[in-house]
Amino acid sequence: MRKDNFELRTECEVLKVNLDSSGRQATGVTYVDAQGQEWEQPAQLVILCAFALHNVRLLLLSEIGQPYDPDTQTGTVGKNYAYQIVSAVDVFFDDVLTNTFIGAGSLGMGIDEFNGDNFDHTGLGFIGGGYIALWTTNGRPIETHPTPEGTPKWGSKWKRAVVENYLKQCAISTHGAVMSHRGNYLDLDPSYRDVHGQPLMRLTFDYTDNEHRMSDYLTDRAADIGRAMKPREIKVSRREGHYSTVPYQTTHNTGGAIMGADPKSSVVNRYLQSWDVPNLFVMGACAFPQNPGYNPTGTVGALTYWAADAIRNQYLKRPGPLVQA
Ligand SMILES: Cc1cc2nc3c(=O)[nH]c(=O)nc-3n(C[C@H](O)[C@H](O)[C@H](O)COP(=O)(O)OP(=O)(O)OC[C@H]3O[C@@H](n4cnc5c(N)ncnc54)[C@H](O)[C@@H]3O)c2cc1C
């Protein structure tokens, strides 16, 4: 931003990446400004960094790459969408003051013993794992009013339970990996459109048996930890049934424009450069082929530095594909 030739245009929405007649070179983007006026911004190099989901939607709207078709298993754009599976164990004490309102978000403890291949999976019936963590995130009162099992959801008994437990409780959460599955994907919605008349993105997703078995196992380990704290009681909240967008779980969406070694099965190469349009780079968690048992943003940042370095030290010196297909 300190450079003279830098300009930030706020309140602008990019509608698509423009391509030349060959379809293999980006010529810029079309965007709408805050007054609703449409502009074409020419560019020699385009970097999509509009969040994992919007990156995929912009690729689809711009007709870059082949959209994934779950029936024929062909195409790459929208493929490998994945999410996380979470659960929690609330731990209630009679006389231990946990004072979670004092905590800061970064205070906490996480264990990795049940992540990935860090434990023996023999006989467990699932692959993968996740992390188990206990955080104190300020006990925000609108969000944080844990009550023991059997407490009514409203009324004076609920209020009494909130008062009795607010200062004497902590929560152990589990964040599990989600493997990509051929039936989970992103595409353009056939019915719904945005204010500009462009199709919205459609997300097709559900947990598989693997995720439920793995999450149940992680939740049982979290419950073991909770019981070992010698509380009055614990409350176990598992992630059961089908995926629902209604309760907040995480915002850790991954996949849809994945990184890979082969353009037949991936959207970008190892430098996040589009296989189809070499002067287009796509940065974000859409590059992850699977959702690991971790939150994504650290890896998104690392990948972005990695790709920026490749742009600066390789691409700008010799524009073109950085990896030969
Ligand atoms: C409530 C919440 C809690 C979270 N907690 C965690 C956590 O604990 N740990 C963790 O790792 N991650 C967490 N995340 C996820 C984290 O915020 C994302 O992984 C991260 O922000 C992704 O970075 P990004 O640069 O890819 O996208 P973003 O940070 O979303 O930036 C994308 C930008 O592009 C803009 N944009 C989108 N579409 C267009 C368009 N068409 N035209 C122009 N501009 C556009 C957006 O306005 C936005 O400014 C959380 C997210 C939320 C919402």
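Residues numbered from 1 in each chain as written. Predicted model: local features only at pLDDT ≥ 70, side-chain atom pairs only at ≥ 80, totals over all residues. Heavy atoms only, no water.

**Q** Help me out: how do you make sense of the pairing of strand 10 (residues 199-204) in this one?
**A** Across five bridges, strand 9 (residues 185-193) lies against strand 10 in antiparallel orientation. Each residue of the ladder has a partner; that of Leu-186, found in strand 10, is Leu-203. Counting the residues in the hairpin turn of strand 9 and strand 10 gives five residues, including Gly-197, whose phi is positive at 85°. (Pairing = 2+ DSSP bridges. Helix = DSSP H or I, 4+ residues; strand = E, 2+ residues; numbered from the N terminus.)

**Q** Please clarify how the pattern of salt bridges should be interpreted in this entry.
**A** A pair can form between side chains of opposite charge whenever their charged atoms are brought close. The full count for this structure, using the stated rule, is 10 salt bridges. For Asp-194, the salt bridge goes to Arg-57, with nearest N and O atoms at 2.8 Å. Here Arg-57 lies in helix 1 (residues 52-61) and Asp-194 lies in the loop between strand 9 and strand 10, a separation of 137 residues in the sequence. Classification of Asp-194 as buried rests on a relative accessible area of 17%. The class for Arg-57 is buried, based on a relative accessible area of 13%. A salt bridge links Glu-143 to Arg-140; the nearest nitrogen and oxygen atoms lie 3.1 Å apart. Judged by its relative accessible area of 43%, Arg-140 is partly exposed. Overlapping salt bridges bring together Asp-94, Arg-232 and Glu-233 as one network. (Salt bridge = Lys/Arg side-chain N within 4 Å of Asp/Glu carboxyl O. Buried < 20%, exposed > 50% of the residue type's maximum accessible area, 1.4 Å probe, protein only.)

**Q** Sorry if this is basic, but what is going on with the packing of aromatic side chains here?
**A** To describe a pair of aromatic rings, you give the distance between the ring centres and the angle between the ring planes. Under the definition given, this model contains 16 aromatic pairs. The interplanar angle of 70° and the centroid separation of 6.1 Å between the aromatic rings of Phe-114 and Tyr-217 together place this pair among those described as edge-to-face. Placement of the pair is Phe-114 in the loop between strand 6 (108-111) and strand 7 (130-135) and Tyr-217 in helix 3 (residues 209-228), with a sequence separation of 103 residues. Accessibility classification places Phe-114 together with Tyr-217 in one group, the buried group. (Phe/Tyr/Trp six-rings, centres within 6.5 Å; stacked < 30°, edge-to-face > 60°.)

**Q** Looking at this structure, I do not really get the site of the ligand. What am I missing?
**A** Of all residues adjacent to the ligand, which total 13 residues, the nearest are Val-14, Thr-251, His-252, Asn-295 and Thr-297. Val-14 is positioned with one of its backbone polar atoms (N or O) 2.8 Å from a nitrogen atom of the ligand. In the environment of the ligand, a nitrogen atom lies 3.4 Å from a nitrogen or oxygen atom belonging to the side chain of His-252. Summarising the interface, the protein chains cover 50% of the accessible area of the ligand, which totals 1,000 Å² for the free molecule. Partitioned by chemical class, the residues of the shell around the ligand number seven nonpolar, five polar and one charged. (Near = heavy atom within 4 Å. Polar contact = N/O pair within 3.5 Å; in protein donor to acceptor, adjacent residues only side chain to side chain. Areas by Shrake-Rupley, 256 points an atom, 1.4 Å probe, with all protein chains shown as cover. Nonpolar A, V, L, I, M, F, W, Y, C, P; charged D, E, K, R; others polar.)

**Q** What is the right way to read the nonpolar core from this model?
**A** In a soluble, globular protein the nonpolar side chains are often hidden away together inside. Counting residues in each nonpolar core, the largest one holds 58 residues, and the members touching the most others are Val-17, Leu-59, Leu-280 and Val-282. When contributions to this core are tallied by element, the ones reaching two or more residues are strand 2 (26-32), strand 4 (46-48), helix 1, strand 5 (85-92), strand 8 (169-176), helix 3, strand 12 (280-282) and helix 4 (297-315). Those residues in contact with Val-17 that lie beyond four places of it in its chain are Ala-26, Gly-28, Val-29, Val-46, Leu-48, Ser-62, Ile-64 and Leu-280. (Core = buried A, V, L, I, M, F, W, Y, C linked by side-chain atoms within 4.5 Å. Contact = heavy atoms within 4.5 Å.)

**Q** Looking at this structure, how should I read the sheet that holds strand 11 (residues 233-237)?
**A** Sheet strands line up and pair through hydrogen bonds in the backbone, either parallel or antiparallel. In space, the five strands of this open sheet follow the order 6-7-8-5-11, with antiparallel pairing throughout. Across the chains shown, the open sheet's two edge strands, defined by having one partner strand only, are strand 6 and strand 11. On average, each strand axis in the sheet is inclined to that of its neighbour by 20°, with strand direction left out of account. Pairing of strand 5 with strand 8 involves eight bridges; the strand directions are antiparallel. (Axes fitted to C-alpha atoms, helices over the stretch in contact; angles between N-to-C directions.)

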